Amino acid sequence: MENKIFNMAVIGCRMGEPHIKAVIANDNANLYAACDLDDTLLARIKETYKPEIATKNWKELINDPKIDAVIVATPDKLHLEMTEAFLMAGKDVLCEKPMALTMEECEAMMRAEKKSGRTLMVGQVSRFAPAFAKAKKMIDDG
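Everything numeric in this text was worked out from a predicted model, so none of it was measured.

K.L.:
For the overall build of the chain, give the residues involved together with the corresponding values.
P.N.:
Along the chain, the regular secondary structure elements total five helices and six strands. Listed by position from the N terminus, the elements making up the chain come as β-α-β-α-β-β-α-β-α-β-α. Its C-alpha atoms give the chain a radius of gyration of 16 Å, near enough to 14 Å, the size a compact globule of 142 residues would have. Summarising its shape, the C-alpha atoms of the chain cover approximately 50 × 40 × 30 Å along the three principal directions. Looking at the chain as a whole, 40% of its 142 residues are labelled buried. Restricting to contacts in the chain with at least 6 residues of sequence separation, those with at least 24 account for 53%. Summing over all exposed atoms, the chain offers an accessible surface of approximately 8,800 Å²; the carbon and sulfur share of this is 57%. If you average the places of the 20 positive and of the 22 negative side-chain charges in the chain, the two averages end up 2 Å apart.

K.L.:
Report on helix 3 (residues 79-88), specifying residues and quantitative values.
P.N.:
Among the 10 residues of helix 3, seven are classified as buried, and the element is accordingly described as predominantly covered. Of all the residues in helix 3, the buried ones are His79, Leu80, Met82, Thr83, Ala85, Phe86 and Leu87. On its buried face, helix 3 sits against strand 1 (6-11), strand 4 (69-72), strand 5 (92-96), helix 4 (103-116) and strand 6 (120-123). Downstream of helix 3 by a residue or two, Gly90 has a phi angle that is positive, lying close to 90 degrees.

K.L.:
Account for the nonpolar core, with residues named and values stated.
P.N.:
Core analysis: the biggest nonpolar cluster contains 25 residues, and Ile11, Trp58, Leu61 and Phe86 have the highest contact counts within it. Only strand 1, strand 2 (29-35), strand 4, helix 3, strand 5 and helix 4 provide two or more residues apiece to this core. Core analysis: the second largest hydrophobic core is formed by 14 residues, Met8, Val10, Leu42 and Ile45 among them.

K.L.:
Can you lay out helix 1 (residues 13-25) for me, pointing to particular residues and giving the numbers?
P.N.:
Of all the bends in helix 1, the greatest measures close to 30 degrees and is centred on His19. Every buried residue of helix 1 is listed here: Cys13, Gly16, Glu17, His19, Ile20 and Val23. The inward-facing, buried residues of helix 1 contact strand 1, strand 2, helix 2 (39-49), strand 4 and strand 5.

K.L.:
Lay out the pattern of salt bridges with the relevant residues and their values.
P.N.:
Pairing of side chains with opposite charge becomes possible as their charged atoms draw close. Scanning all chains against the criterion turns up 11 salt bridges. Ionic pairing is found between Asp39 and Lys56, a salt bridge with its closest N-O pair at 3.2 Å. Here Asp39, found in helix 2, pairs with Lys56, found in the loop between strand 3 (53-55) and strand 4; they are 17 residues apart in sequence, far enough to count as distant. The partly exposed category is assigned to Lys56, whose relative accessible area is 40%.

K.L.:
Can you explain the pairing of strand 2? Please cite residues and give values.
P.N.:
Burial of strand 2 is extensive: six of the seven residues sit out of reach of the surface. Where strand 1 meets strand 2, six bridges bridge the pair, whose relative direction is parallel. Following the sheet pairing, Ile11 is matched in strand 2 by Cys35. Regarding topology, helix 1 serves as the crossover connection from strand 1 to the parallel strand 2, and that connection is right-handed. Note that strand 2 and strand 3 share three bridges and pair parallel. Considered in strand 3, the bridge of Cys35 is made with Thr55. Each parallel crossover has a hand, and for strand 2 linked through helix 2 to strand 3 it is right-handed.

Analysis parameters
- Residues numbered from 1 in each chain as written.
- Predicted model: local features only at pLDDT ≥ 70, side-chain atom pairs only at ≥ 80, totals over all residues.
- Heavy atoms only, no water.
- Helix = DSSP H or I, 4+ residues; strand = E, 2+ residues; numbered from the N terminus.
- Rg over C-alpha atoms; globule rule 2.2 N^0.38 Å.
- Buried < 20%, exposed > 50% of the residue type's maximum accessible area, 1.4 Å probe, protein only.
- Contact = heavy atoms within 4.5 Å.
- Areas by Shrake-Rupley, 256 points an atom, 1.4 Å probe, with all protein chains shown as cover.
- Lys, Arg positive; Asp, Glu negative; His and termini not counted.
- Charge placed at Lys NZ, Arg CZ, Asp CG, Glu CD.
- Core = buried A, V, L, I, M, F, W, Y, C linked by side-chain atoms within 4.5 Å.
- Bend = angle between axes of the 7 residues up to and from the residue.
- Salt bridge = Lys/Arg side-chain N within 4 Å of Asp/Glu carboxyl O.
- Pairing = 2+ DSSP bridges.
- Right-handed = clockwise from strand over helix to strand, strands pointing away.

Shown next, in the form of structure tokens:
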């Protein structure tokens, strides 16, 4: 069986460039779209990584049927709106940390994940770092 190639969109290229590099390095992923408000940065991303779409308007990507998954690497205050929109449009979402600004926003994102049937993942890699795991254990132990 042939592996599916996932078309990925990265929203927020300043924080998202490491994700762009990871997408390109993955044989099962294709950098289909990149989005950023900074014209200079977006032009460099387009020239360097050659996404099919390079746009300043993330809303243009919501209903693009070619996009399988989206990486949201924007300022924190934008995570809720973007994540909900892409989940409800049938795309899986990796959202950079912090997930949202409040617990209520986090819960809204989780409700959107459940309602959409898609996957929401938060890019928090530190949870497995030894110092963070030790801090968690200390908190759990009181």
